Amino acid sequence: MPSATARAALPIRPYPRRAPVEIPPAHQPQTNRRLKHRPCTSYPENEDSYLQDLSFHPVQQHVPSSYEARPAKRPMPSPSQTIVVINSSGRQAASFIRVASAVGYHVRAQLRNLDGLVANEISSLPNVKVVEGDLYSRRASSAPPPLGGGHGNTGVNHALISDLFHGAQLAFINTTFWGDETAIGKALADAAAKAKIQHYIFSSMPDHSLHSPRNSREPWPSLPLWSSKAAISSHIESIPSLASKTTHLLTGIYNNNFTSLPYPLFRMELQPDGSFMWEAPFHPHVKLPWLDAEHDVGPAVLQIFKDGVKKWGGQSMPLAYEMLSPVEACEAFARGIGRKVTYRRRSKIDVKVKIPSGYREQLVALEAMYALGKEDASKQPPYFATQALESRVPEQALALWEGPRGLEEYAREVFPLEEAANGLTWMNEGTEGEETEGIDGELVGGEEENEGSDGDDDDDDDDDDGLVMGGGTGGENTPARREESWLA
């Protein structure tokens, strides 16, 4: 709004006069000015004639525009190798495919089907050829394949596996417990050897029963889903032409496992006061390895391929970027989420959704293994089964990829997005009595048994063909996790 007060006119100051610049006669010899530093330019450094033109002369010289005399860009050849990836909608595989396709590798990605957000994303990436089909072939019955082992009504789809490796040079293989994992893993290794794959990276895990202390009265139990991978690694090592070309990758606990949905082992349960609680059988003060699978597996695996078999062939490599106890993990999560997070040790894993029998057996074995450190933390077996592997975390992973996403960053930037994709709205709602100052992790109540409070956990669910992924709190569709296998 204009001011009602009259204003005096401002005096106009004359433009300051400057002394004219004297231009010397053209016949007068000029001395070129020597530059202290070479000019900062994108033009060729070895062009003496061009540098001569940049010398300071009193008479203005013609300076080429940004589009004149610009040299051709240095050629950046794209990788010509083809990489085979299976179970490509899993967290590890999808993470790798994103970075490999971005830098120009040709990716041959096997998917059981194109259902789900991740499968659709992978199929739309450049340099990716999707091969749709199961790694097992159905026989007479139309029933789903068994999980965690046993042929049942299925057999390995050798034709598809052979086609996957035909003409390829590299492979990143992460088997899952859909079907007979051991049989599929061995068939993949045999086909890779036959196809003369140059570098084979297998995502493995240890069999703890093979590493039990000799003087221990309580031998370490075998975790079924991990021992299958260990058996595949042993088979790879028995193939002379493939053993020296294989890198065995062992991954830590996924940051991405956490969810407030009622899934077992990594449920971050929302409390009435707006805080979260995590219950698990791990000793509260024994450190565990952590990894953001979606963010960090891809760059690390890509670097292994770039380094090649001369550096990583025949080796086992732990891939994790943080060593945090459950209490420390809750502290990091609390800092990220901005809410109080507590940890409660619970010997029996709470199961409130239908789970496949293979995964149920894994949970029972986890309960038994981590019960060994119930009274004495020193008795809790190392996550990677040996201290030699455990001691290389996180230095060895950081030598591959220096930009990991830690648990705190995941909780702050990603966890709310995944929760929203699963139909949850807690991050958009205020909660009475919610405290946001001085937030940290906390150990609550020590050991909490509640052996009889397993909800819908009963033996009738053993034949289910997969986790029933429910969205929100009402059990509707869950787009973000519909195709997820927890250990993939």
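Residues numbered from 1 in each chain as written. Predicted model: local features only at pLDDT ≥ 70, side-chain atom pairs only at ≥ 80, totals over all residues. Heavy atoms only, no water.

Engineer: Can you explain the nonpolar core? Please cite residues and give values.
Structural biologist: One finds Phe258, Trp278, Phe282, Trp290, Phe333 and Phe415 to be the most contacted residues of the largest nonpolar core, which totals 51 residues. Contributing elements (two or more residues each) for this core: helix H6 (224–237), strand E11 (276–280), strand E12 (288–291), strand E14 (322–324), helix H10 (326–337), strand E15 (341–345), helix H11 (357–370) and helix H14 (407–413). Beyond its immediate chain neighbours, meaning those up to four positions away, Phe333 contacts Phe258, Met268, Val341, Leu407, Tyr410, Ala411 and Phe415. (Core = buried A, V, L, I, M, F, W, Y, C linked by side-chain atoms within 4.5 Å. Buried < 20%, exposed > 50% of the residue type's maximum accessible area, 1.4 Å probe, protein only. Helix = DSSP H or I, 4+ residues; strand = E, 2+ residues; numbered from the N terminus. Contact = heavy atoms within 4.5 Å.)

Engineer: Run through the pattern of salt bridges, naming residues and quoting values.
Structural biologist: What the rule picks out here adds up to 13 salt bridges. Notably, a salt bridge pairs Glu418 with Arg91, separated by 3.5 Å at the nearest N-O pair. Of the two residues, Glu418 is situated in helix H15 (residues 415–421) and Arg91 in helix H2 (residues 91–102); the sequence distance between them amounts to 327 residues. With relative accessibility at 13%, the residue Glu418 sits in the buried group. By relative accessible area, which is 9% here, Arg91 ends up buried. One salt bridge connects Glu328 with Lys287, and the closest N-O pair in it is separated by 2.7 Å. With Glu328 in helix H10 and Lys287 in the loop between E11 and E12, this pair connects stretches of sequence that are 41 residues apart. Given a relative accessible area of 27%, Glu328 falls into the partly exposed group. When salt bridges that share partners are traced, they join Arg91, Glu294 and Glu418 into one network. (Salt bridge = Lys/Arg side-chain N within 4 Å of Asp/Glu carboxyl O.)

Engineer: Please set out the sheet that holds strand E1 (residues 82–85) residue by residue, giving values where relevant.
Structural biologist: With parallel pairing, the 7 strands of this open sheet are ordered in space as E3-E2-E1-E6-E7-E8-E13. Both outer strands of the open sheet, strand E3 (128–132) and strand E13 (316–319), are each paired with one neighbouring strand and no more. Across the sheet, the axes of successive neighbouring strands diverge by a mean angle of 20°, strand direction being ignored. H6 rests against strand E7 (199–204) and strand E8 (246–251) of the sheet, and its axis sits at about 155° to E7. (Pairing = 2+ DSSP bridges. Axes fitted to C-alpha atoms, helices over the stretch in contact; angles between N-to-C directions.)

Engineer: Outline the sheet that holds E14, supporting the account with residue identities and numerical values.
Structural biologist: Pairing is mixed in the open sheet, where 3 strands are placed in the order E9-E12-E14. The strands lining the two open edges of the sheet, one partner per strand, are strand E9 (253–254) and E14. Where E12 lies against E14, 3 bridges are found, and the strand directions are antiparallel. The residue bridging Leu288 from the neighbouring strand is Leu324, located in E14.

Engineer: Before we move on, could you go through helix H4 (residues 158–165) and cite the residues and values that matter?
Structural biologist: Listing the buried residues of H4 in full gives Leu160, Ile161, Leu164 and Phe165. Here the buried residues of H4 occupy an arc of 130° about the axis, which is enough to place them on one side. Facing away from the buried side of H4 by more than 90 degrees, the exposed set consists of His158, Ala159 and Asp163. Immediately downstream of H4, the backbone of Gly167 shows phi near 80°, a positive value. (Arc of directions from axis to C-beta.)

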